[in-house]
Amino acid sequence: MAELAEEIEEKIIDAGLDKGAERLTKDKIEKVVNAVLENETGARLKMYVETCVHCGLCSEGCHIYLSRNRDPKLSPAGKVKRTMWEILKKKGKVTPEFIREASEIASTECNTCKRCAMYCPFGIDVAYIMLVVRRMCHKLGVTPLYIQDTAHSHSVTMNQMWIKEDEWIDTLQWQEEDARELIPDLRIPLEKEGADIMYSVIAPEPKFQPILLYYAAVIMNTAGLDWTMPATPGWDNSDMAMFTGDNEIMGRTKRVHFETAARLKVKKIVMGECGHAFRSVYDMGNRWLGWKMPPIPVIHAIEFYYDLLKAGKIKVHEKYKKSVTLHDPCNVARGRGLHDKARYVINELCENFIEMYPNREHNYCCNAGGGVINCGPPFKNKRVKGNKIKAEQIADTGAEILITPCHNCHSGMEDIISYYNIDMHTKFICEIMYEVMEKPE
Amino acid sequence: MDIFNLIYQLVSGPLVWVAFFVFIGGSIFKVFQMFLLINKKEKYIYTYMSLKYSLRSIIHWIIPFATVNWRRHPVLTIITFAFHTCLLITPTFLLAHAVLWKKAWNVRWWTLPESLADVMTLMVIIGCVLFLIRRLTIKEVRYLSSASDYVLLAIVATPFLTGFLAYHQVSNYRVMIILHIVSGIIMLMTIPFTRLIHMLFSVFTRAYMGSEFGNVRHAKDW
């Protein structure tokens, strides 16, 4: 009778996964899986699988495991068991149904947040193993529909949101017009060769939140910075192809992005508050293209704001009064160590900062990143259920405002705030900065 | 010569050579194979490896309670550190083994007092039993377990159990000592080819993650 106490999992219908699996044969699977293993993996995968002693200590590192009643199937090693162990044991001779399931597991039950690597005594990188599984499934054409469509957008338009070239320029000019009502001589310089900074954004910004471009323009103008934005494709720093295992498109989009910055002869790229784009430029995209580190320095918004505040280029008119707490995004804290700079910025801008626990590198993932929220509506319920521990964590702070300096985290947090009925609002750092900063009159 | 002497000569002579050859040769082979694979497909690993950050990570994980996850599991931490310490030190510094090394190679080194060696041996055996209980009773561990996990526990426990029983001359000493030597040989030979290789590989995986977290991610991995 114990089965009744467990949730009955409904099978999620996803055309990408289902139709993709229908096209497979066992022969094709064996061929492709072994090709990936032979040509694209080496010591890392072998050693991770051989060194894991099945101790289960990684379990408590995973927010999904903790949120779903500590279901062993959802511990990091449990997810590897359900995917890679089976693939290796059967030497690639797995069924289409297995691949469909493995793709769902790797794409929607893991955010590749790497928290588990901090909990495993051997530092085994389960996120890497999940990405290898995604790569195999990508090569077999079995990827969740929504995120595959996003990868197609990258391929066709070099941006994540099917934004056409003229739509991009129109959006910038629209925000420039709006901002000129506040600061009459403000410009968003397009295609300015030799500027210090190229500001780069993720495609959802012009598509859904153009006001973030407005804020950026006001901040740049107030700080008196020499900046520009490209008018050509290559303005988007985001990278969903990285998360579907489509490394080739990841490489193409990153190359276009860096080449655009090189064409504009800028000294550095400053990017908005995004997490995964950051990982794409300093970790995965640059490596695929053969660069140890990004060829042109890329500064995340948090570090950018830190520098501006420290140098006094942006001054605070009156500190933000509402109580705030900070969600440390994986790719920014665990991923780039910007957690302390973020706290400096927030303490400069806000009066009442409340910490959540655990925090910094140990913060729980938002469950939206790593491509999971990009798998779209079919997986939303699963996603918010897998983030219960996050909901408890943020509610515990009692803060009114949740600062999330990452677009995916922002969306993920909004979903759980609504699902779990938490009385909080999410904000980006730039929203608060815009509100409290001294602006030119 | 009676059968016991024959078997004893075999297992404590040629078979020991085989055991160490397979253990040391096999381990070298595994590490060599690792470098071959890295050189062939993952040279970026060299780009990011850093001695400083490797050591930083290793040191944190090799000290009990120096990481968040060790602190979250205090009982397991105590058991596993005690187990592994006794596992490595006892066979190396046991008087009975030191006598054999002296006879074979004319080398001598410090040895454990016998009563301490007894306690440490029991620690290893009890550790294996506790690991077994853990594996059977904790859901997330049981889910990951299969026959090989239990066999490995037996492979590790048996040399220590039979050694303890032989030393204390419980039951037939001659049978027990043969079992001890053979089970020890089995353990040595299976190390390079099973998950017991974690004794070597864990250093490399930890060093790599420490380097990534320290060098690229500017974050702590403990």
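The preceding data block contains the structure.
Computed from a predicted model, the values in this text were never measured in an experiment.

Caption draft 1: Structural context of the overall build of chain A. Helix and strand counts for chain A stand at 21 helices and 8 strands. Its C-alpha atoms give chain A a radius of gyration of 22 Å, near enough to 22 Å, the size a compact globule of 441 residues would have. Overall, chain A is about 70 × 45 × 35 Å in size when its C-alpha atoms are taken along their principal axes. The 441 residues of chain A split such that 55% are buried. Taking the contacts inside chain A whose residues are at least 6 apart along the sequence as the reference set, 81% of them involve residues at least 24 apart.

Caption draft 2: Examining the sheet that holds strand β5 (residues 324-326) of chain A more closely. Residue and element names in this part refer to chain A. The parallel open sheet is built from 4 strands, whose spatial order is β6-β5-β7-β8. Of all the strands in the sheet, just β6 (353-354) and β8 (425-427) have a single pairing partner and so form its edges. Here β5 pairs with strand β7 (residues 401-403) via 3 bridges, running parallel. Residue pairing in the sheet places V324 in a bridge with I401 of β7.

Caption draft 3: Quick peek at helix α2 (residues 15-22) of chain A. All names here are of chain A. For α2, every residue scored as buried is listed here: G16, L17, G20 and A21. Looking straight down α2, one finds that the buried residues subtend no more than 115° of arc, so they occupy a single side. Exposed positions of α2 whose direction lies more than 90 degrees from the buried face are A15 and E22. Buried residues in α2 make contact with α7 (96-108) and α9 (145-157).

Caption draft 4: Quick look at the interface of chain B and chain A. Between chain B and chain A, the contact holds 40 residues from the first and 41 residues from the second. The dominant element in the side of chain B that touches chain A, judged by the number of residues it contributes, is helix α12 (residues 198-216) of chain B, at 10 residues. Split by residue class, the side of chain B that touches chain A holds 18 nonpolar, 10 polar and 12 charged.

Caption draft 5: A look at the packing of helix α6 (residues 74-93) of chain B against helix α8 (residues 114-137) of chain B. All names here are of chain B. Running from N to C, α6 and α8 point in directions that differ by 130°, and their axes come no closer than 8 Å. Here α8 runs oblique to α6, going by the angle between their axes. Pair α6 / α8 crosses with left-handed handedness. Contacts between α6 and α8 pair I79, A82, F83, C86, L87, I89 and T90 from the former with A117, M120, T121, M123, V124, G127 and L130 from the latter. A breakdown of the residues in the contact of α6 with α8 according to their chemical character gives 11 nonpolar, 3 polar and no charged.

Caption draft 6: Quick look at the sheet that holds strand β2 (residues 227-228) of chain A. Residue and element names in this part refer to chain A. Overall, parallel pairing links the 4 strands, which are arranged β2-β1-β3-β4 in an open sheet. The strands lining the two open edges of the sheet, one partner per strand, are β2 and β4 (298-299). Where strand β1 (residues 197-200) lies against strand β3 (residues 268-271), 4 bridges are found, and the strand directions are parallel. Along β3, the bridge assignment pairs S200 with M271.

Caption draft 7: Spotlight on the nonpolar core. Residues and elements named next belong to chain A. Grouped together as the largest cluster of nonpolar side chains are 180 residues, with contacts concentrated most on Y305 and I429. For this core, the element with the highest residue contribution is helix α12 (residues 211-222), accounting for 9 residues. Leaving out residues up to four positions away in the same chain, Y305 has contacts with V345, I429 and M433.

Caption draft 8: How the structure looks around α9 of chain A. Residue and element names in this part refer to chain A. For α9, which comprises 13 residues, the first-to-last C-alpha distance of 18 Å matches the rise-based estimate of 18 Å (1.5 Å per residue) to within 8%. Taken together, the buried positions of α9 are I147, Q148, T150, A151, S153 and H154. Packed against the buried residues of α9 are α2, α7, α13 (241-244) and α14 (247-263). Downstream of α9 by a residue or two, M158 has a phi angle that is positive, lying close to 65°.

Caption draft 9: Representation of the packing of helix α2 (residues 14-41) of chain B against helix α11 (residues 173-190) of chain B within the structure. Residue and element names in this part refer to chain B. The N-to-C vectors of α2 and α11 enclose an angle of 20°; their axes lie 7 Å apart at closest approach. The orientation of α2 with respect to α11, classified from their angle, is roughly parallel. Viewed along their axes, α2 and α11 form a crossing whose handedness is left-handed. On α11, the residues that touch L15, V16, A19, F20, V22 and F23 of α2 are I185, L188 and M189. Here the contact of α2 with α11 is built from residues that sort into 9 nonpolar, no polar and no charged.

Cut-offs used in this document
Residues numbered from 1 in each chain as written. Chains lettered and ligands numbered in written order. Predicted model: local features only at pLDDT ≥ 70, side-chain atom pairs only at ≥ 80, totals over all residues. Helix = DSSP H or I, 4+ residues; strand = E, 2+ residues; numbered from the N terminus. Rg over C-alpha atoms; globule rule 2.2 N^0.38 Å. Buried ≥ 20, exposed ≤ 12 C-beta atoms within 10 Å, placed from the backbone. Contact = placed C-beta atoms within 7 Å. Pairing = 2+ DSSP bridges. Arc of directions from axis to C-beta. Nonpolar A, V, L, I, M, F, W, Y, C, P; charged D, E, K, R; others polar. Axes fitted to C-alpha atoms, helices over the stretch in contact; angles between N-to-C directions. Parallel < 35°, antiparallel > 145°, perpendicular 65-115°, else oblique. Left-handed = near helix turned anticlockwise from the far one by under 90°. Core = buried A, V, L, I, M, F, W, Y, C linked by C-beta atoms within 7 Å. Expected span 1.5 Å × (residues − 1).

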